[in-house]
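Notes for the structure review
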Amino acid sequence: MKSLRHENIYEDIGEIGPYQIFLFALVGTLAAVPALTGYGFVFIGATPDYRCKIPILQHDTFSIQNQSHYESFVKYMPRTRDRIFNKCNLKVNSSGSEEYAACTEWVYSTEQYDSTLVTEWNLVCSNYHYKGLYLNMHFIGTCGVVLSGILSDRFGRKKIAYILLSLNAIFAVLSAILLNTNSFDLDIKRSLFAILKLLYAFTSNVYSIAITLVIELTGPNRRILASNFVAISFVLISIVLASVAYFLRNFQMLSVFIACVTCLIPTYFWIVPESPRWLILQKRKTEALRILSKISKSNKKPMNFVEEIESLQNSAISLYRTTDEKVNLKKKKKFSNFYLKLEFLELIKFFLKKRLYVFRTFILVVNW
């Protein structure tokens, strides 16, 4: 007799089929969130080549226009010991003095970008730390993946994913507005953008929920294929983003494009159903049956899994019972923390015994 597990149901109704592939494609678009959130800043916050603005030239440009322009450039631009022009300091005067002063204005190359956040807010030299701050805020936000996982276990994959998608769209719009407005002081805009980067990055943790959702919508033998749908979508969307950035070389227009795309995703994500596995564990049999019936009908398989769902619900409840049914509730609560710690240690031991799991984890850490 086979053990009662969620996977047994998919053995009956089909591990993968047309309806599931359709859902994988919809869930795969969630990969746009981390791709646009993370890689979008690669283009928005790009640092083109730059140098100090020559004080005597009102309309100085990065490219040397003529001989007179070149002579002024040589007079005011100090060189390092390697004979490289200093990008952050100017000679105090043009008489050959070795006295330098920090730049307050810069000119930028327009060879690759028309404008970026760096050129607009002058995030170079003494202001370079702002760019590092934004990147750090992004990575701090992605650490919220732990919280998003806990919340999705508690309130459901779909509900938390939809909340994160909606918040992501809101923060993307706010970021686009901030980058396109001149209503705030520059220092205030820099600080607000750092806060938005943190919140924006936190909402990108919907990617982990997407992986969990597609895995729980298919059978065990097709889970790698299902998760690859999301991973491949991430790569394809990143390629599309790079292609769009090639044509939209203005960071403000690119921020508007990203905001528009992120606003589209919540409009159709409601089509994606909740995880049947989560519904079964929550004893919501009717909703789970409705989803599994669609999968069964799509795969042209008989619907003979109702009893298995009821058995799974009962077994799920029994997981939280002690072996001794006569132990009173007060004693259970007293030792509940001890049992949780024991289960966690057993999980760690099981993980360490599986060399394949350890090897895969090592690869993920190196890739990250």
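The structure contained in this document is the topic of the report that follows. Note that this is a predicted model, so its numbers are computed, not measured.

Rules of the game
- Residues numbered from 1 in each chain as written.
- Predicted model: local features only at pLDDT ≥ 70, side-chain atom pairs only at ≥ 80, totals over all residues.
- Heavy atoms only, no water.
- Core = buried A, V, L, I, M, F, W, Y, C linked by side-chain atoms within 4.5 Å.
- Buried < 20%, exposed > 50% of the residue type's maximum accessible area, 1.4 Å probe, protein only.
- Helix = DSSP H or I, 4+ residues; strand = E, 2+ residues; numbered from the N terminus.
- Contact = heavy atoms within 4.5 Å.
- Phe/Tyr/Trp six-rings, centres within 6.5 Å; stacked < 30°, edge-to-face > 60°.
- Lys NZ or Arg CZ within 6 Å of the ring centre and 35° of its normal.
- Salt bridge = Lys/Arg side-chain N within 4 Å of Asp/Glu carboxyl O.
- 1 Å grid on protein atoms, 1.4 Å probe; cavity = no way out; pocket = protein on both sides within 12 Å on 5 of 7 lines; lining within 4 Å.
- Points joined across faces, edges and corners; volume = space filled by probe spheres on them.
- Nonpolar A, V, L, I, M, F, W, Y, C, P; charged D, E, K, R; others polar.

1. Examining the nonpolar core
Trp106, Leu117, Tyr134 and Phe193 are the most contacted members of the largest nonpolar core, which totals 75 residues. Examining the composition of this core, we find that nine residues originate from one element, helix H8 (residues 157–180), more than from any other. When residues no more than four places from it in sequence are discounted, the contact partners of Phe193 are Phe41, Leu117, Trp121, Tyr134, Leu178 and Leu179.

2. Some remarks on the packing of aromatic side chains
Evaluation of the coordinates by the stated rule reveals ten aromatic pairs. A centroid spacing of 6.3 Å and a plane angle of 85 degrees characterise the contact between Phe41 and Tyr134, whose relative ring orientation is edge-to-face. Linking Phe41 in helix H3 (residues 32–44) with Tyr134 in helix H6 (residues 129–142), this pair joins segments that are 93 residues apart in sequence. Pair check on accessibility: Phe41 and Tyr134 agree, each one buried. Ring-pair connections join several aromatic residues into one group, and the members of that group are Phe41, Trp121, Tyr134 and Phe193. Above the plane of the ring of Tyr246 lies Arg249, whose end atom (NZ or CZ) is 4.5 Å from the centre.

3. Some remarks on the pattern of salt bridges
Evaluation of the coordinates by the stated rule reveals six salt bridges. Of the charged contacts, one joins Asp153 and Arg157 as a salt bridge, the two residues approaching to 2.4 Å between their closest N and O atoms. Overall, Asp153 belongs to the partly exposed group, its relative accessible area being 46%. Note on Arg157: relative accessible area 4%, which makes it buried. A salt bridge links Arg277 to Glu216, with the shortest nitrogen-to-oxygen separation between them at 3.5 Å.

4. Describing empty space enclosed by the protein
Over the atoms, a rolled probe matching the size of one water molecule traces out where space is still vacant. Enumeration according to the criterion identifies two cavities of 30 Å³ or more in this entry. Computed from the structure, the largest cavity encloses a volume of approximately 130 Å³. Forming the walls of the largest cavity are 14 residues, and the residues nearest its centre are Ile44, Ser175, Phe193, Tyr200 and Ile258. When contributions to the lining of the largest cavity are tallied by element, the ones reaching two or more residues are H3, H8, helix H9 (186–203) and helix H12 (251–268). The greatest single-element share of the lining of the largest cavity, amounting to five residues, is contributed by H3. Looking at the lining of the largest cavity, its residues break down into nine nonpolar, four polar and one charged. Taken as a whole, the second largest cavity spans an internal volume of roughly 50 Å³. Forming the walls of the second largest cavity are Phe43, Tyr113, Ser115, Thr116, Ala245, Leu248, Arg249, Asn250, Phe251 and Leu254. Of the residues in the lining of the second largest cavity, the class split is six nonpolar, three polar and one charged.

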